[in-house]
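Now for the letters of each chain:
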Amino acid sequence: MEIFQAVTKRRSIRRFKPDPVPEPLLREILEAARWSPSWGNTQPWEISVVTGAALDRFKKANRQHLLDGVISGPDTPMPEAWPEPLKQRYGDVGKQVLTALEIPRGDKEARLRYAGDMFALFNAPSLLLFCVDKAIPREYAMLDTGAIMQTVCLLVHARGLGSCILAASVRYPALIREIIPIAETKAVIIGVALGYPDGEAPVNQFTRGRANLDAFTLWFK
Ligand SMILES: Cc1cc2nc3c(=O)[nH]c(=O)nc-3n(C[C@H](O)[C@H](O)[C@H](O)COP(=O)(O)O)c2cc1C
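Bear in mind the structure is a predicted one, so any value in this text is a computation, not a measurement.

A. Region of interest: the site of the ligand. Neighbouring residues of the ligand: 15 residues in total, closest Ser 12, Arg 14, Ala 167, Arg 208 and Arg 210. Note that a nitrogen atom of the ligand is positioned 3.1 Å from one of the backbone N or O atoms of Ile 165. At a separation of 3.0 Å, a nitrogen atom of the ligand approaches a polar backbone atom of Ala 167. Computed on the free molecule, the ligand has an accessible area of 620 Å², of which 70% lies beneath the protein chains in the complex. Per-class residue counts for the shell around the ligand are nine nonpolar, one polar and five charged.

Here it is as structure tokens:
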């Protein structure tokens, strides 16, 4: 796949087919993603690949934590609030998702069911958890992790799979560790759900928004 096409056509997948992703394909993607850049080639990331029974347990438990109202304590604090126009954009994507799922904004039960689906990783058959050692200064390690995360998502797309980067997958690091033996010394930065996209689902098809180039570029000549 041509690189411009991969970048512009990749999108977040919020409904997956149940089919498992063959391990050789996951390995091929991660082998290539190793070539992502990092500060001084430090490669601070550690990636846990979670599938099968462990993932099933995690999906159920993560969803249940949300529904039980367990207070989350992610290793990366969730933003309290966004200034405009970021707040508007955040609201817009939420509206687009609910509209695609035909969930009225006022329907609290359906919204909670949807949030539960998200915490169950939209039923993806694989999850990558990106971690960095807690002893490493976090700022550049976060940049490095973002770089490899996006590289993975592009490679995933190029192989006909889909991904959804999910803050919702790392809200309860203690729960993750009950099921997946990630060391206490590692910060769980972000999770990426992977699988075969359900191409028919409207939630995987709505027109995504982006700011125009002029809204975020400054040119000095
Ligand atoms: C750090 C990060 C965390 C995200 N967490 C979630 C999440 O918890 N739930 C979700 O549905 N999408 C999540 N997303 C996906 C964004 O909503 C999505 O990337 C954005 O709306 C742009 O849409 P696109 O990926 O389809 O182009 C996350 C994306 C990033 C980069």
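B. Quick look at the sheet that holds strand β4 (residues 186–195). Judged by pairing direction, the sheet is antiparallel, and its four strands sit side by side in the order β1-β2-β4-β3 without closing on themselves. Two strands in the sheet have a free side with no partner beyond their single neighbour: β1 (45–51) and β3 (162–166). For this sheet, the mean inter-axis angle between neighbouring strands, taken without regard to orientation, is 25 degrees. Strand direction decides the pairing type here: β1 and strand β2 (residues 126–133), joined by seven bridges, are antiparallel. Within β2, the residue paired with Val 49 across the bridge is Leu 128. Set on the sheet, helix α2 (residues 23–33) makes contact with β1, β2 and β4; between it and β1 the angle comes to about 170 degrees. In the packing of helix α3 (residues 52–67) onto the sheet, the strands contacted are β1 and β2, and the crossing angle to β1 comes to about 90 degrees.

C. Region of the structure containing the environment of Pro 18. Assignment of secondary structure puts Pro 18 in the loop between α1 (3–9) and α2. On the basis of relative accessibility, which here comes to 64%, the residue Pro 18 falls in the exposed class. Sequence-wise, Pro 18 and Gly 195 are 177 residues apart; in three dimensions their C-alpha atoms are separated by 7.8 Å.

D. Structural context of α3. With 16 residues, α3 should reach 22 Å at 1.5 Å per residue; the first-to-last C-alpha distance of 23 Å fits that figure. Burial in α3 covers these residues: Leu 55, Phe 58, Lys 59 and Asn 62. Along the long axis of α3, the arc covered by the buried residues comes to 100 degrees, so they all point the same way. For α3, exposure combined with an orientation more than 90 degrees from the buried face picks out Ala 53, Arg 57 and Lys 60. Where α3 is buried, its residues touch β1, α5 (108–119), β2 and α7 (173–179). Once α3 ends, the next one or two residues include Gly 69, with phi positive near 70 degrees.

E. Representation of the pattern of salt bridges within the structure. Evaluated as defined, the whole model comprises seven salt bridges. Taking the shortest distance from any N to any O, the salt bridge between Glu 28 and Arg 159 comes out at 2.7 Å. On the criterion of sequence distance, the pair formed by Glu 28 in helix α2 and Arg 159 in the loop between α6 (138–158) and β3 is long-range, its members being 131 residues apart. Here Lys 186 and Glu 46 are joined by a salt bridge, their closest N and O atoms 3.7 Å apart. Of this pair, Lys 186 sits in strand β4 while Glu 46 sits in strand β1, and the two are 140 residues apart along the sequence. Several salt bridges share partner residues, and in doing so they unite Glu 46, Asp 133 and Lys 186 into one network.

Calculation notes
Residues numbered from 1 in each chain as written. Predicted model: local features only at pLDDT ≥ 70, side-chain atom pairs only at ≥ 80, totals over all residues. Heavy atoms only, no water. Near = heavy atom within 4 Å. Polar contact = N/O pair within 3.5 Å; in protein donor to acceptor, adjacent residues only side chain to side chain. Areas by Shrake-Rupley, 256 points an atom, 1.4 Å probe, with all protein chains shown as cover. Nonpolar A, V, L, I, M, F, W, Y, C, P; charged D, E, K, R; others polar. Pairing = 2+ DSSP bridges. Helix = DSSP H or I, 4+ residues; strand = E, 2+ residues; numbered from the N terminus. Axes fitted to C-alpha atoms, helices over the stretch in contact; angles between N-to-C directions. Contact = heavy atoms within 4.5 Å. Buried < 20%, exposed > 50% of the residue type's maximum accessible area, 1.4 Å probe, protein only. Expected span 1.5 Å × (residues − 1). Arc of directions from axis to C-beta. Salt bridge = Lys/Arg side-chain N within 4 Å of Asp/Glu carboxyl O.

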